Amino acid sequence: SSQYFLSFSTQQRIEIHKLRQGDNLILGFSIGGGIDQDPTQNPFSEDKTDKGIYVTRVTEGGPAEVAGLQIGDKIMQVNGWDMTMVTHDQARKRLTKRNEEVVRLLVTRQSLQKAVQQSMMS
Amino acid sequence: MSAAMDTESTYSGYSHYSGHSKKAHRQGRDRHKSPRSKDGSRSEKSVTIQTPPAEPLLGNDASRAEEGQDDNWGETTTAITGTSEHSISQEDIARISKDLEDSVGLDCKRYLGLTVAAVLGLLVFLTPIAFILLPQILWRDDLEPCGTVCEGLFISVAFKLLILLIGTWALFFRQPKADLPRVFVFRALLLVLIFLFVFSYWLFYGVRILDSKDTNYQGIVQYAVSLVDALLFIHYLAIVLLELRQLQPMFTVKVVRSTDGESRYYSLGHLSIQRAALVVLENYYRDFTVYNPALLTASKSRAAKHMAGLKVYNVDGPGNNASGQSRAMIAAAARRRDSSHNELYYEEADHERRVKKRRARLVVAVEEAFTHIKRLQAEEQQKAPGEMMDPREAAQAIFPSMARALQKYLRTTRQQQYHSMESILQHLSFCITNNMTPKAFLERYLNPGPTLQYDRDRWFSKQWTLVSEEAVTSRLQDGIVFVLKCLDFSLVVNVKKIPFIKLSEEFIDPKSHKFVLRLQSETSV
């Protein structure tokens, strides 16, 4: 039997509770991308003209990992604010608002699923 | 037992110590002689050498038959059997006979053409003068007096004739550099044009002026001036047709030598095939490395081995199926797994290594030899009168120390035929005179140079035949192929037209060069 991979994207809603570290509230991941950045250097995007915000790193054991955020996810919305056409700095600001303890993200994730095709002859 | 087993070849009767062998060489040879003879006596199969050949490579003196054994001026050991000295190959005979018969026939044709042109030119040049002088001689008394106007016209005729003379001398009076197989079309055209032109002028002059004894001298002089003007215009036409038209490049020709594949590209303008062949040949002597038959022996032996590998037996009867046989041979050869590519690879690698080694030894030997020579300045020349040498003697003094290394290198690269000892000595004294470094001296020997660099006897390429499917006076066109054959090899010439180039312009404002920084930053939140 031969193996095939299907690639499709799913949308996830992820709720991250910020962790207080001293004076800062951290989320535990890093972002890359933005309309003022170079989209061709983004290793996670499928379309190299995509200027959206992507998750480039997730710290182990951090609030983002606990909430289920994965590396390579594209962030579409943060608390209802659109993140597909924002600059890098605007994205950072929207995620690190001082008076918010919880952020609700809408992310798009590419998954590969193995589909095994059964051979006709048994 | 040893007497029966020993195979001795004695070498006799072939020494000619020429009168001008220098003492230094004899010393050099004697130095090398002793170890070799020791070797000779030790082995079972021994070769006894009676006398070493002294300078068998004498340049001009050497006959054709001795060309095979001419590289012994650095060493002393050769065994030569009696039969190979005086054989002349078939090719040599063909070459000698061809040289003889061709030199006689073409000269007549060339001189005939030249004399016709010269006579015509002289006639044409004297015509205006005759036009002016004849009325004065024949009916002087009847002529109308013609004052300053005529004198002005005389001066202008004189100067125009002078300019025409200088121009004709510059354009036409040159050493013919080649013999072309067919007549040069443009030149013939111009000659015919000039002839018709002058003939018609004479006709008119004879009928209208001589017969009727015209008295208007000013008109006659103006007629002569118009002739000179027209001749100057024909000269202009000659320049354009013969010299200018071919200057603009229209074709690119690729010239490939058939024996070793060396190729070059040249740009040519509008020329006939024979003139293009002439240009190619002129450039051949300068650009192509000299044809060396010794370099082709390796591929020939490989080819012979391929052919000898298979034999075909006809089992089915006397029916002679030749094409079927050859096809079967080719198929069998393709299927056979031979390792000749392996041989070739290792042989070439080995040869390269050997050449590099010998080259290193040669460079070191020459550098060391050159350190022994020092140029004397003018003041020093008076102070040390004892040991002064002229360049030739200096060359002969340092030559023995590099002779052996040079000879070995030339033998390895199979160039020994092209350099006789005399030519090497001459080159060495030339380099010493001109303060050249050892590397400059060696440049001539390390790489094979163009044919012009070598002695005429070694060229293998003096008599050329143009083989072409089109007429040789027709113009060059895209796709024409013609072959220039000489006795040993041929040059295949392929003509391609230079493509029509469409060039368009684009204006860039210098202020429009602007740049932006593209980043990909990563921020942790």
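Residues numbered from 1 in each chain as written. Chains lettered and ligands numbered in written order. Predicted model: local features only at pLDDT ≥ 70, side-chain atom pairs only at ≥ 80, totals over all residues. Heavy atoms only, no water.

(A) Region of interest: the overall build of chain A. Tallying secondary structure elements over chain A gives two helices and eight strands in all. Overall, chain A shows an N-to-C arrangement of helices and strands of β-β-β-β-β-α-β-β-α-β. The buried share of chain A, reckoned over its 122 residues, is 37%. At a minimum sequence separation of 6, the contacts of chain A that also span at least 24 residues come to 68%. Within the structure as shown, chain A displays about 7,600 Å² of accessible surface, and the carbon and sulfur contribution to it stands at 50%. (Helix = DSSP H or I, 4+ residues; strand = E, 2+ residues; numbered from the N terminus. Buried < 20%, exposed > 50% of the residue type's maximum accessible area, 1.4 Å probe, protein only. Contact = heavy atoms within 4.5 Å. Areas by Shrake-Rupley, 256 points an atom, 1.4 Å probe, with all protein chains shown as cover.)

(B) Broad picture of the UniProt feature "transmembrane region" (unreviewed entry) in chain B. Residue and element names in this part refer to chain B. The UniProt feature table records "transmembrane region" (unreviewed entry) at residues 111-133, 153-172, 184-204 and 224-244. Across residues 184-204, the secondary structure splits into 95% helix and 0% strand, with the terminal C-alpha atoms separated by 31 Å. End C-alpha atoms of residues 224-244 are separated by 29 Å, and the span's content is 100% helix alongside 0% strand. (UniProt positions renumbered as here; feature names shortened; annotations may be inferred.)

(C) Here's a closer look at the sheet that holds strand S3 (residues 251-257) of chain B. Residues and elements named next belong to chain B. Spatially, five strands are ordered S4-S3-S7-S6-S5 in an open sheet, and the strand pairing comes out antiparallel. The open sheet has two free edges, formed respectively by strand S4 (263-268) and strand S5 (465-468), since each of these has just one partner strand. Sheet twist, expressed as the mean angle between neighbouring strand axes with direction ignored, is 25°. Taken together, the six bridges between S3 and S4 define a ladder with antiparallel strand orientation. Of the residues in S4, the one forming a bridge with Val255 is Arg264. (Pairing = 2+ DSSP bridges. Axes fitted to C-alpha atoms, helices over the stretch in contact; angles between N-to-C directions.)

(D) How the structure looks around the interface of chain B and chain A. Each side of the interface is counted separately: chain B has eight residues, and chain A has 19 residues. Taken together, the two surfaces of chain B and chain A that pack against each other cover about 1,200 Å², and 43% of this comes from carbon and sulfur. Taken together, the links from chain B to chain A amount to one salt bridge. The partner of Glu522 of chain B in a salt bridge is Arg57 of chain A, with the nearest N and O atoms 3.3 Å apart. (Buried area = accessible area lost by both parts, 1.4 Å probe. Salt bridge = Lys/Arg side-chain N within 4 Å of Asp/Glu carboxyl O.)

(E) Spotlight on the state of the cysteines. All names here are of chain B. Counting across every chain of the model gives one disulfide over all chains. Between the sulfur atoms of Cys146 and its disulfide partner Cys150 the distance amounts to 1.7 Å. Given an S-S torsion of about 110°, the disulfide between Cys146 and Cys150 has right-handed geometry. Its relative accessible area of 21% is what places Cys146 among the partly exposed residues. (Disulfide = S-S within 2.5 Å.)

(F) Quick look at the side chain of His427 of chain B. Residue and element names in this part refer to chain B. Looking at where His427 falls in the secondary structure, it is placed in helix H13 (residues 421-433). Classification of His427 by relative accessible area gives buried; the value is 10%. Once you skip the residues sitting within four places of it in the chain, His427 turns out to touch Ala440, Phe441, Arg444 and Tyr445.

(G) Expanded view of the pairing of strand S5 (residues 53-58) of chain A. Residue and element names in this part refer to chain A. For strand S4 (residues 29-33) and S5, the ladder comprises five bridges, and the chain directions are antiparallel. Paired with Phe29 across the bridge in S5 is Val58. By the bridge criterion, two bridges tie S5 to strand S6 (residues 74-78) in an arrangement that is antiparallel. Across the sheet, Ile53 pairs through a bridge with Ile75, a residue of S6.

(H) Molecular detail of the packing of aromatic side chains. Residue and element names in this part refer to chain B. Scanning the model with the defined rule gives 21 aromatic pairs over all chains in all. Relative to Trp202, the ring of Phe131 lies with its centre 4.9 Å away and its plane at 80°, an arrangement referred to as edge-to-face. Taken together, the positions of Phe131 in helix H3 (residues 90-138) and Trp202 in helix H5 (residues 185-210) put the pair 71 residues apart, joining distant regions of the chain. With relative accessibility at 32%, the residue Trp202 sits in the partly exposed group. By the ring-pair criterion, three or more aromatic residues cluster together here, those being Phe131, Phe197, Tyr201, Trp202, Phe204, Tyr205 and Tyr223. Looking at Arg257, its charged tip hangs above the ring of Phe489, at a distance of 5.8 Å from the centre. Over the face of the ring belonging to Phe288 we find Arg264, whose NZ or CZ atom lies 5.4 Å from the ring centre. (Phe/Tyr/Trp six-rings, centres within 6.5 Å; stacked < 30°, edge-to-face > 60°. Lys NZ or Arg CZ within 6 Å of the ring centre and 35° of its normal.)

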